[in-house]
Amino acid sequence: VRRKTRHPSSPTRVRSSVMNSVEPGRVLVVDDDPSMRDLLAEGLGGTGRSVEATAEPSVALERVTSGEIDLVITDLRMPGLSGLELCARAVEQAPGLPVIVLTAFGDYEAAVQAMRAGAYDFIAKPVRLDILGHAVDRALAHGRLHREVHRLEQTLASTARPSNIVGESHSV
């Protein structure tokens, strides 16, 4: 993608500096609108992240089940399986997987429903790529922390068994 050089405070310049400063992650964009799907995939893909895009929530669930996705970004209203249903199923299949829900219908009730379904964040359209980029950064960091805590809990559970303790005190 070729970008024109503009004044340092221009939105394009800000977007590129913010979007290029993030850690990579595996992002799945789910939206039935091809132009929005392509815009999000292109905007997030130029940052070192691996970005996949699909219009089909069923395909998204297959990718989530594979364990190869770090973040799902989904539209709220789609034919068939809604973004809320996709969010709930994705979080059920992969606990700790952050899901960002996007919608052109940014009302309070929809945001509450998304959070109850397990969404990490809820962003109203039109989406500013710089704001979405920050939300993606936070969501990816949250997912990494969740995976690290889970790994540490498993390590602790396997090493902190009373049978591993050796001592000669009567209280032990």
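Now for a quick tour of the structure. Computed from a prediction, not measured in an experiment: that's the story for all the values here. (Residues numbered from 1 in each chain as written. Predicted model: local features only at pLDDT ≥ 70, side-chain atom pairs only at ≥ 80, totals over all residues. Heavy atoms only, no water.)

### Description of the overall build of the protein chain
Okay, step 1: Scanning the protein chain from N- to C-terminus turns up 6 helices and 5 strands.
Okay, step 2: Moving toward the C terminus, one meets the helices and strands of the protein chain in the order α-β-α-β-α-β-α-β-α-β-α.
Okay, step 3: Per-residue burial over the protein chain gives 40% buried out of 172 residues.
Okay, step 4: Accessible surface computed for the protein chain: about 10300 Å², of which carbon and sulfur atoms make up 53%. (Helix = DSSP H or I, 4+ residues; strand = E, 2+ residues; numbered from the N terminus. Buried < 20%, exposed > 50% of the residue type's maximum accessible area, 1.4 Å probe, protein only. Areas by Shrake-Rupley, 256 points an atom, 1.4 Å probe, with all protein chains shown as cover.)

### Details of the pattern of salt bridges
Okay, step 1: The full count for this structure, using the stated rule, is 10 salt bridges.
Okay, step 2: Note that Asp 31 and Lys 125 form a salt bridge whose closest N and O atoms lie 3.2 Å from each other. A residue pair is termed long-range when its members are at least 10 positions apart, and Asp 31 in the loop between β1 (26–30) and α2 (34–45) and Lys 125 in the loop between β5 (121–124) and α6 (129–159) qualify at 94 residues.
Okay, step 3: According to the relative accessible area criterion, Lys 125 is buried, its value standing at 18%.
Okay, step 4: Where Asp 75 meets Lys 125, a salt bridge forms, and the shortest distance between an N and an O atom there is 3.2 Å. Pair noted here: Asp 75 is in strand β3 (residues 71–75) and Lys 125 is in the loop between β5 and α6, with a separation of 50 residues, a long-range link.
Okay, step 5: On the accessibility criterion, Asp 75 (7% relative accessible area) is buried. (Salt bridge = Lys/Arg side-chain N within 4 Å of Asp/Glu carboxyl O.)

### With respect to the packing of α2 against α6
Each packed pair of helices is defined by two parameters, the angle between the axes and the distance between the axes.
Okay, step 1: Running from N to C, α2 and α6 cross one another at 65 degrees; their axes reach a closest spacing of 11 Å. Classified by the angle between their axes, α2 and α6 sit roughly perpendicular to one another. Note that α2 runs across α6; the crossing there is right-handed. Here α2 contributes Leu 39, Leu 40, Gly 43 and Leu 44 to the contact with α6, which in turn contributes Leu 129, Leu 132 and Val 136. (Axes fitted to C-alpha atoms, helices over the stretch in contact; angles between N-to-C directions. Parallel < 35°, antiparallel > 145°, perpendicular 65-115°, else oblique. Left-handed = near helix turned anticlockwise from the far one by under 90°. Contact = heavy atoms within 4.5 Å.)

### Quick look at α6
Okay, step 1: Between the first and last C-alpha of α6 there are 44 Å, a value that for 31 residues agrees with the 45 Å anticipated at 1.5 Å per step.
Okay, step 2: Three or more residues of α6 are buried, namely Leu 129, Asp 130, Leu 132, Gly 133, Ala 135, Val 136, Ala 139, Leu 140 and Gly 143. (Expected span 1.5 Å × (residues − 1).)

Honestly, it's all geometry; don't read function into it.
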